[in-house]
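Summary of the model geometry
Spelled out, the chains give:
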Amino acid sequence: METDIVIKTEKLTKRFGDFIATNQITFDVQAGEIFGFLGANGAGKTTAMKMLCGLSTPTSGNATIAGFDIYRETEQIKKNIGYMSQKFSLYEDLTVLENINFFGGIYGLSKKRLSEKSESLIETLNMKELRKKLVGSLPLGWKQKLAFSVSILHEPKIVFLDEPTGGVDPVTRRQFWDLLYAAADRGITIFVTTHYMDEAEYCNRITMMVDGEIKALDTPKKLMQQYSSDSMDEVFYELARGAKRKAD
Amino acid sequence: MVDVQVTNISKSYGQERQNAVDQVSFSVSKGELFGLIGPDGCGKTSLFRILTTLLLPDSGTASVNGFDIVKDFREIRRRVGYMPGKFSLYPDLTVEENLHFFATLFDTTIKANYDLIKDIYVQIAPFKDRRAGKLSGGMKQKLALCCALIHRPTVLFLDEPTTGVDTVSRKEFWEMLKLLKGEGITILVSTPYMDEATLCERIALIQKGTIMSIDTPDQIIHQFPKKIYAVMARNMGALLADLRSIQHISSCNAFGQYHHITFQDEDVRTPRKLIEELEYRGHVDMEITLIDPTIEDCFINLMDRHGN
């Protein structure tokens, strides 16, 4: 059903001078899907993500995000998406509660809605004791779980996650993925990049970008069958080692 | 011969005085490839900074090449190579200028030690006139390694050299480390990627400033206290929830396309019985296989035992 498609791109391209960072990528993402966006360093992932978030204007091609046009309706796009990365986190010198209130305010949540939301968020994350602690004092894994929850405070249609679990311990990394599953169950589409290949296997579908182009797009299972391998790590290696480009 | 000796080193920061490094002891032999394996914030970087004489420990002693890290810091600095986790070369010097600069600092020349870095340097040589800040992640990492090697160190400290680097570059990097080991250089490397642990000769698994286990990767896997199984069904999300609700399953973790589980008590019929129970709950396409634990399984198990 067409209405269930939340990301639709058609030959989306971005050039920087002679350099084609993202070359005619075409794909659809369904509502509530966990969509893995993989590729070697320099494959063009970041450029593509920036365009999808409405932060960078494409050179050519078309795309709609949550039904909004990527050229003309970038402000609407920003209202309907969430974003978090390994680097941009929360304000370290604000407390857990202050961060929630701050971002809730930015997203335009009403006072009542925000206080309900922050209650349930703190409950889900088991952070009752930590609510008045400075975010900077939390372990990385907790920060990332909090950052993710904050990025979906406004119940966006899509959340973009750029290597959200880099360096996080193995137990917390799995708790993080539990949060992703719960959000996807509520219908939030998860668009995620990762260097952990076991996490790639948790995705419903995966794209592999090589040299600015989409070289593969399928379920992890089908990709593994296609490349006769037991793990996504091998699939990734097979696809990416042919890359000519090594720039970030 | 021992090249790095660490005895009861502790270090804490800030007002809360939480120990970043807590009574850590280990030793690394000459020519060994030793891995510190643990997540961000577990104390790896503090340890590296202490051993490279950039940070003083609160207590404990350590030596590198037989030199004391406090008393003989000058001797140590002359002898070790250090590649910090954060890119720390001069971004507005070119590739070649950076290398030349570091060679000069150590009173040597690129030419004198070129044989040591040749295999790595040829890969970035086509870009030798490019500013270091303009290099890609993989190339920055190779240049940083060349700069850390240009004075022919006896011990090499590599702090998370592969973090944020893709699978292909990671594989290449570990190939380079093997070559360096062949040159007799002692290597201490840290990584948050558990799958890289098996590429080291010995590893220390670290969490919250404490070493949970030190041994060869094989031995650590061998010491896993239980049988571990990989389980699969058509609906993996529902399977995970069901496995977690079953009392006699003592651990259950998602591992890519499988969930890894251990039982509290088991006999030969236990796996079969589990399948029956799950099929009764409506699961289809079930599969259960006895497997060898991975280092990540061991790490999670040790974390549980250390009360995390």
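Before reading on, note that the structure itself is shown above.
Predicted, not measured: the structure shown is a model, and the values here were computed from it. All residue numbers refer to positions counted from 1 along the written sequence of the respective chain. Here every chain gets a letter starting at A, and every ligand a number starting at 1, in the order they are written. A pLDDT threshold of at least 70 governs which residues receive local features in this predicted model, and a stricter bar of 80 or more applies before side-chain atom pairs are shown or counted, although totals over entire chains, interfaces and linings include all residues. As a rule here, side-chain values come from all non-hydrogen atoms in the structure, and water together with hydrogens is ignored.

Section: the pattern of salt bridges
Residues and elements named next belong to chain A. By salt bridge we mean one thing: a side-chain nitrogen of Lys or Arg within 4 Å of a carboxyl oxygen of Asp or Glu. Following the criterion strictly, the structure yields 35 salt bridges over all chains and no others. Among the salt bridges present, the one from R186 reaches E155, with a minimum N-O distance of 3.0 Å. Remark: E155 occurs in the loop between helix 5 (140-151) and strand 7 (158-162) and R186 occurs in the loop between helix 6 (170-185) and strand 8 (189-193); sequence separation between them is 31 residues. Exposure is judged per residue with a 1.4 Å probe applied to protein chains only, and the accessible area is read against the type maximum: over 50% gives exposed, under 20% gives buried, and values in between give partly exposed. Judged by relative accessible area, which is 32%, E155 ranks as partly exposed. Helix and strand assignments follow DSSP, with helices taken as H or I runs no shorter than four residues and strands as E runs no shorter than two, numbered in order from the N terminus.

Some words on the sheet that holds strand 7 of chain A
Residues and elements named next belong to chain A. Only strands joined by at least two bridges in the DSSP assignment are considered to pair. Overall, mixed pairing links the 6 strands, which are arranged 6-7-8-3-9-10 in an open sheet. Of all strands in the sheet, those bounded by a partner on one side alone are strand 6 (81-85) and strand 10 (213-218). Going from strand to strand, the sheet's axes swing by 15 degrees on average, the running direction of each strand aside. Relative to strand 7, strand 6 runs parallel, the two being bridged by 5 bridges. Bridged to G82 within strand 7 is V159. Sheet strands touched by helix 9 (residues 232-240): strand 3 (34-39), strand 9 (205-210) and strand 10. Its angle to strand 9, the strand with the most contacts, is close to 30 degrees. Every axis corresponds to a line fitted to the C-alpha atoms, with the helix fit spanning only the stretch in contact, and the corresponding angles, defined between N-to-C directions, vary from 0 to 180 degrees. Contact criterion: two residues are considered in contact whenever any of their non-hydrogen atoms come within 4.5 Å of each other.

Describing the environment of P91 of chain B
All names here are of chain B. Mapped onto the elements of the fold, P91 is located in the loop between strand 6 (80-83) and helix 3 (95-105). Residues P91 and L135 lie 44 residues apart in sequence; the distance between their C-alpha atoms is 9.0 Å. Discounting chain neighbours no more than four positions away, the residues touching P91 are R131, A132 and G133.

A look at the interface of chain A and chain B
Each partner contributes residues to the interface: chain A has 30 residues there, and chain B has 29 residues. The shortest N-O distance in the salt bridge between R173 of chain A and E296 of chain B comes to 2.7 Å. We define a polar contact as two N or O atoms separated by no more than 3.5 Å, with the added condition that, inside protein, one atom must be a possible hydrogen donor and the other a possible acceptor, whereas residues neighbouring each other in sequence contribute only through side-chain atom pairs. One can count 10 residue pairs in polar contact (both at pLDDT 80 or more) joining chain A with chain B. Of all the elements in the fold, those that place two or more residues in the side of chain A that touches chain B are helix 6, helix 7 (197-200) and helix 9 of chain A.

Interpretation note: all reported values are geometric properties and have no functional meaning in isolation.
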